Amino acid sequence: MTEYKPFKEGKVREVYDNGSSLIMVATDRISAFDHILKNKITDKGAILTQMSRFWFNFTQDVLDNHMLSVDTADMPEFFRQDKFTGNSMMVKKLEMLPIECIVRGYITGSGWKSYQQSGTVCGIQLPEGLKESDKLPEPIYTPSTKAELGQHDENISFEQSVEVLEKIYPGKGEEYARKLRDCTIALYKKCADYALTKGIIIADTKFEFGLDENGNVIIGDEMLTPDSSRFWPLEGYEAGHGQPSFDKQYVRDWLTANPESDYLLPDEVIEKTIDKYKEAYLLLTGEEFSR
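What counts, and where the lines are drawn
- Residues numbered from 1 in each chain as written.
- Predicted model: local features only at pLDDT ≥ 70, side-chain atom pairs only at ≥ 80, totals over all residues.
- Heavy atoms only, no water.
- Helix = DSSP H or I, 4+ residues; strand = E, 2+ residues; numbered from the N terminus.
- Rg over C-alpha atoms; globule rule 2.2 N^0.38 Å.
- Buried < 20%, exposed > 50% of the residue type's maximum accessible area, 1.4 Å probe, protein only.
- Contact = heavy atoms within 4.5 Å.
- Areas by Shrake-Rupley, 256 points an atom, 1.4 Å probe, with all protein chains shown as cover.
- Lys, Arg positive; Asp, Glu negative; His and termini not counted.
- Charge placed at Lys NZ, Arg CZ, Asp CG, Glu CD.
- Phe/Tyr/Trp six-rings, centres within 6.5 Å; stacked < 30°, edge-to-face > 60°.
- Lys NZ or Arg CZ within 6 Å of the ring centre and 35° of its normal.
- Core = buried A, V, L, I, M, F, W, Y, C linked by side-chain atoms within 4.5 Å.
- Pairing = 2+ DSSP bridges.
- Axes fitted to C-alpha atoms, helices over the stretch in contact; angles between N-to-C directions.
- Patch = residues over 30% accessible without salt bridge, like charges linked within 9 Å, V, L, I, M, F, W, Y side chains within 5 Å.
- Salt bridge = Lys/Arg side-chain N within 4 Å of Asp/Glu carboxyl O.
- Expected span 1.5 Å × (residues − 1).
- Arc of directions from axis to C-beta.

A.B. asks: Account for the overall build of the protein, with residues named and values stated.
C.D. replies: Looking only at helices and strands, one finds six helices and 16 strands in the protein. Computed over the C-alpha atoms, the radius of gyration of the protein is 19 Å, within 12% of the 19 Å expected from 2.2 N^0.38 for a compact globule of 291 residues. The principal-axis extents of the C-alpha atoms in the protein amount to approximately 60 × 55 × 40 Å. Considering the protein as a whole, with its 291 residues, one finds that 52% of them fall into the buried category. Put simply, 62% of the contacts in the protein that link residues at least 6 apart link residues at least 24 apart. Per element, the accessible surface of the protein, about 13,900 Å² overall, is 47% carbon and sulfur. For the protein, the distance from the average site of its 34 positive side-chain charges to the average site of its 49 negative ones is 1 Å.

What follows is the structure in structure tokens.
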């Protein structure tokens with residue numbers, strides 16, 4: 001059996017070269033505030049992979065994506081080990097575009113802090129009188145640069161995203177920037193509307209896109225997982241304060257309240273976090289999570 005080694009490791013994912021494709025393995029690591037925490041969250045990687053699978057299938061009518069298979073029977077023998085079951089996805093090779101495509105449907109987190117100071121979010125003027133967690137009149141697109149591991153992403157304007165892309169793809173920067181913006185908004189609207197029917201508010205999320213072998217812009221990386229999105233329960237939603245969530249905001253909040261923790265979580269926080277991920281998976285897909 002040929003042994004494979006990851007050629008790229010992110011905060012959560014390991015990526016393996018499979019010749020004409022890649023195999024992305026979502027680990028049980030969890031990150032917050034640009035740090036990888038010392039604990040692992042059992043089954044987290046499989047939930048992320050299976051939730052991405054659900055959304056990739058759900059949005060195929062909006063835009064193609066990089067997913068080929070989540071069945072390890074379609075992968076080399078090395079990946080037919082238990083540790084790869086459920087958390088591995090074989091994907092197309094893409095030339096990833098260097099923009100984090102963030103869309104905000106509600107005002108929260110860093111956006112709320114910025115609004116309180118200036119009435120803007122990432123330079124976008126918003127109506128006066130908004131309260132924390134308010135739904136925005138229309139979703140806003142707030143791209144950022146992709147930072148190296150351990151560094152912070154930098155918010156940029158749409159015009160700056162054009163410049164970033166133009167440097168790499170002369171004559172195509174504005175075309176690609178518009179495509180990223182328009183697809184980000186369209187994907188968010190379709191998925192957020194669906195999620196509301198399942199009792200979940202998608203407050204914000206981020207997408208990553210790449211170019212396939214034919215030069216088409218398609219979705220890569222993960223999609224609408226609790227790691228890349230803020231999921232709030234619709235029941236009990238009320239603007240004017242922070243919301244309970246199904247995502248890793250619970251971990252962020254605990255770390256903020258316990259600055260001496262040195263990024264080590266207690267068992268009860270780990271258990272509550274994975275329970276939240278599983279509950280979100282059940283509500284959105286209608287299926288109990290299973291590897």
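A.B. asks: Would you mind going over the packing of aromatic side chains in detail, with residue names and values included?
C.D. replies: Counted by the stated rule, this structure contains 21 aromatic pairs. Arranged with centres 5.9 Å apart and planes meeting at 85°, the rings of Y106 and Y237 form a pair that is edge-to-face. Highlighted residues: Y106 in strand 9 (residues 99-106) and Y237 in the loop between strand 16 (229-233) and helix 5 (249-257), separated in sequence by 131 residues. These aromatic residues form a ring-pair network of at least three members: Y4, Y16, F78, F79 and F84. Across from the ring centre of F58, 4.6 Å away, lies the NZ or CZ of K190, which sits over that ring.

A.B. asks: I'd like a rundown of the nonpolar core, residues and numbers included.
C.D. replies: W55, L180, I202, F209, M223 and L265 are the most contacted members of the largest nonpolar core, which has 67 residues in total. A per-element tally of this core places helix 4 (residues 173-197) first, with eleven residues.

A.B. asks: Lay out the sheet that holds strand 3 (residues 21-26) in plain terms, naming residues and giving numbers.
C.D. replies: Spatial ordering of the open sheet is given by 1-2-3-7-6, a layout of five strands whose pairing is antiparallel. Every interior strand has two partners, whereas the edge strands, strand 1 (8-9) and strand 6 (67-69), have only one. Looking at chain direction, strand 3 and strand 7 (residues 88-92) are connected through five bridges and run antiparallel. Each residue of the ladder has a partner; that of M24, found in strand 7, is M89. Against the sheet, helix 1 (residues 44-58) touches strand 2 (13-18), strand 3, strand 6 and strand 7, its axis set at about 40° to strand 7.

A.B. asks: Could you give me a rundown of a negative patch on the surface, with the residues and numbers involved?
C.D. replies: On the surface, D267, E268, E271, D275 and E279 cluster together to form a negatively charged patch. For E268, the position within the fold is in helix 6 (residues 267-285). A relative accessible area of 54% means that E268 is categorised as exposed.

A.B. asks: Any details on helix 6? Residues and values, ideally.
C.D. replies: In an α-helix, one turn spans 3.6 residues, which is why side chains three or four residues apart end up on the same side. Look at helix 6: 27 Å from first C-alpha to last across 19 residues, which is about the 27 Å you get at 1.5 Å a residue. When helix 6 is considered as a whole, its buried residues turn out to be V269, I270, T273, I274, K276, Y277, A280, Y281, L284 and T285. In a view along the axis of helix 6, the buried residues occupy a sector of 150°, so they form one face of it. Exposed and oriented more than 90 degrees from the buried face of helix 6 are D267 and E268.

A.B. asks: Got a sec to walk through the environment of P226? Specific residues and values, please.
C.D. replies: Looking at the element boundaries, P226 is found in the loop between strand 15 (217-220) and strand 16. Between the C-alpha atoms of P226 and A280, which are 54 residues apart in sequence, the distance is 8.1 Å. Excluding anything up to four places from it in sequence, P226 contacts L48, M51, F231, F246, D247, K248 and Y277.

Treat this as a map of the structure, not an account of what it does.
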